[in-house]
Amino acid sequence: MTIHFKTGLMALALLGSTALGAMTAQAADKEISWIYCGDKIDPIHEKYIKEWEGKNPGWKVTPEVVGWEQCQDKATTLAAAGTPVGMAYVGSRTLKEFAQNDLIVPVPMTDEEKKSYYPNIVDTVTFDNNQWGVPVAFSTKALYWNKDIFKQAGLDPETPPKTWAEEIADAKQIKEKTGIAGYGLPAKTFDNTMHQFMHWVYTNNGKVIDGDKIVIDSPEVLAALQAYKDITPYSVEGATAYEQNEIRAIFLDGKVGMIQAGSGAAARLKDTKINWGVAPLPLGPSAKGEGTLLITDSLAVFKGTGVEDKAIEFAKFITSPGPQGEYELQGGAGLTPLRPSPKVDEFVKADPSWKPFIDGIAFGGPEPLFTDYKGFQNSMIEMVQSVVTGKAQPADALKKAAGEIEAFK
């Protein structure tokens, strides 16, 4: 039996119609409350909050710092109880669910605003032809390889794989020649198991959902799942025990040949003795170009505060090219830039390890938006796990998942 863990937005929304609904307390007329995820407010955000307040006399932005594990749940609970905050930092994957429970308001973008972003990024916050949040953080993935392990296995240490076939062959040769795992495939019951698989989907021109139509049961996605099956024997043993950061730790320890990871891995690798390289993700047979999963977090503006219009104005200001560019490109931030700019060009020239993370954007795709995102996510995780453990063949696992996620759209 498949157990799906719901996010609870619908249940919480229903609370708003009970006694809690009578407790509605709107934010002060001149205050925008902001649930800010993290350990502390970034100094760059503090600077631009003050700048915005200076340009808007009488208005105050009041961030509340909440830990990553609790921040989204807190924003959800307050909104469903009828006491919403003005704005909150949320995973863009949840925007559809928030919107369909009538907890947030649209944040429409002009054509000029949309064109300022790299391709496909606005799609991460769009459904029903409207935008429901403003992207504030962005990540992509690339392939890291250990050059010394490649050399030890008789592979060219300066030539990473460019296709899935090459990647699987390289992983096989590493495993057979050295006894070291050729690839790190994470398949733990964790959200990034689904994310990691979606990178393979988008490097083969695949999709999960097109509008309201589930299209995951396709040759492109089946090929991705088959590739997972094919690379598993040469990967880190016991894939279901690892999530992506644990796989990254194994790579940092010099015990796996290749992984796909974000830019944060590069920052950590620079403090090690590992001889490493980073390249675009290898491509599947149906790929049209370099791809990756485009993951964004967004600023969502909640309904019922009385300051929605001003909150939208502030959200667009704090994520506009100037403030956002400064926030993204600060040392160690580890965020892929949301927009092209001369500053980004200079940044990449100074640190070429960033180039693969940007190159994959053009043919990348967004996290699919579902009304029950957790249900979708858990079906995807179960699909991946069933294939890498040998409990199901790729075609059967894919067909099962396609049927399940129909209910979550």
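Starting from 1, residues in each chain are numbered consecutively following that chain's sequence as written. At least 70 in pLDDT is required for a residue's local features to be given in this predicted model, at least 80 for side-chain atom pairs to be given and counted, and no such filter applies to totals for whole chains, interfaces and linings, which use all residues. Hydrogens and waters are ignored; side-chain quantities use all the structure's heavy atoms.

## Let's talk about the domain arrangement of the chain
Consideration 1: For the domain bounds, the source is a domain assignment made automatically or taken from a database. The domains assigned to the chain are domain 1 (30–139 + 295–365) and domain 2 (142–291 + 370–406).
Consideration 2: Centre-to-centre, using C-alpha coordinates, domain 1 lies 28 Å away from domain 2.
Consideration 3: Residue contacts are defined here by distance: any two heavy atoms, one from each residue, within 4.5 Å place the two residues in contact. Contact with domain 1, which involves 17 residues of that partner, is made by 23 residues of domain 2.
Consideration 4: Values labelled buried area give the accessible surface lost by two parts on being combined, using a 1.4 Å probe and summing over both. When domain 1 packs against domain 2, the two sides together hide about 1700 Å² of surface, and 58% of this comes from carbon and sulfur.
Consideration 5: Together, Arg 93, Phe 357 and Phe 363 form the three largest contributors to the area buried by domain 1 at its contact with domain 2, with a combined 36%.
Consideration 6: In what follows, salt bridge is the name for a side-chain nitrogen of Lys or Arg lying within 4 Å of a carboxyl oxygen of Asp or Glu. In this structure, Lys 270 and Asp 351 form a salt bridge, with 2.7 Å as the shortest nitrogen-oxygen distance.
Consideration 7: The definition of a polar contact used here is a pair of N or O atoms within 3.5 Å, where within protein one atom must be able to donate a hydrogen and the other to accept one, and adjacent residues in sequence count solely through side-chain atom pairs. Taken together, the connections running from domain 1 to domain 2 amount to 3 residue pairs in polar contact (both at pLDDT 80 or more).
Consideration 8: Contributions of two or more residues to the side of domain 1 that touches domain 2 are made by helix 4 (95–100) and helix 15 (355–359).
Consideration 9: Each residue is assigned to one class: nonpolar for Ala, Val, Leu, Ile, Met, Phe, Trp, Tyr, Cys and Pro, charged for Asp, Glu, Lys and Arg, and polar for all the others, Gly among them. Partitioned by chemical class, the residues of the side of domain 1 that touches domain 2 number 6 nonpolar, 6 polar and 5 charged. The numbering of helices and of strands both runs from the N terminus, where a helix is a DSSP run of H or I of at least 4 residues and a strand a run of E of at least 2.

## Here's the deal with the state of the cysteines
Consideration 1: We call a pair of cysteine sulfur atoms a disulfide when they lie within 2.5 Å. Across all of its chains, the model carries 1 disulfide by this definition.
Consideration 2: Residue pairing for Cys 37: its cysteine sulfur links by disulfide to Cys 71, the two sulfurs lying 2.0 Å apart. Residues Cys 37 and Cys 71 share a disulfide whose torsion about the S-S bond is about 95°; that sign makes it right-handed. Here the residue Cys 37 occupies a position in strand 1 (residues 31–37), and Cys 71 occupies one in helix 3 (residues 68–80), the gap between them amounting to 34 residues. Side by side, Cys 37 and Cys 71 carry an identical accessibility label, which is buried. Accessibility here uses a 1.4 Å probe with only protein chains present; expressed as a share of the type maximum, an area under 20% marks a residue as buried, one over 50% as exposed, and anything in between as partly exposed.

## What about helix 9 (residues 219–231)?
Residues separated by three or four positions in an α-helix point in the same direction, a consequence of the helix having 3.6 residues per turn.
Consideration 1: Given a helix with a known number of residues, its expected span is that number minus one, times 1.5 Å. For helix 9, spanning 13 residues, the distance from its first C-alpha to its last is 18 Å, which sits close to the expected 18 Å at 1.5 Å a residue.
Consideration 2: When helix 9 is considered as a whole, its buried residues turn out to be Val 221, Ala 224, Leu 225, Ala 227, Tyr 228 and Ile 231. All buried residues of helix 9 fall inside an arc of 150° around its axis, so they share one side.
Consideration 3: Next to the buried residues of helix 9 lie helix 7 (164–178), strand 8 (181–183), helix 8 (191–202), helix 16 (373–388) and helix 17 (394–405). In this description, the arc belongs to the directions extending from the helix axis to the C-beta atoms.

## With respect to the pairing of strand 11 (residues 256–261)
Consideration 1: Counting buried positions along strand 11 yields 6 of 6 residues, so the element is predominantly enclosed.
Consideration 2: Paired strands, as defined in this entry, are two strands with at least two bridges between them according to DSSP. For strand 7 (residues 142–146) and strand 11, the ladder comprises 4 bridges, and the chain directions are antiparallel. Residue Ala 142 lies in a different strand from strand 11, and its bridge partner there is Ala 261.
Consideration 3: As paired strands, strand 8 and strand 11 are joined by 2 bridges and run parallel to one another.

## A closer look at the side chain of Ser 263
Consideration 1: Locating Ser 263 in the fold gives a position in helix 11 (residues 263–269).
Consideration 2: Not counting the four nearest positions on each side in its chain, Ser 263 is found in contact with Tyr 144, Gly 334, Leu 335, Trp 354 and Phe 357.

## Some thoughts on the pairing of strand 7
Here is the key point about a regular strand: its side chains alternate between the two faces of the sheet.
Consideration 1: Counting buried positions along strand 7 yields 5 of 5 residues, so the element is predominantly enclosed.
Consideration 2: Residues Ala 142, Tyr 144 and Asn 146 of strand 7 are buried on one face, and the alternating residues Leu 143 and Trp 145, pointing to the opposite face, are buried as well.
Consideration 3: Here strand 7 pairs with strand 12 (residues 276–279) via 4 bridges, running antiparallel. The residue bridging Asn 146 from the neighbouring strand is Trp 276, located in strand 12.

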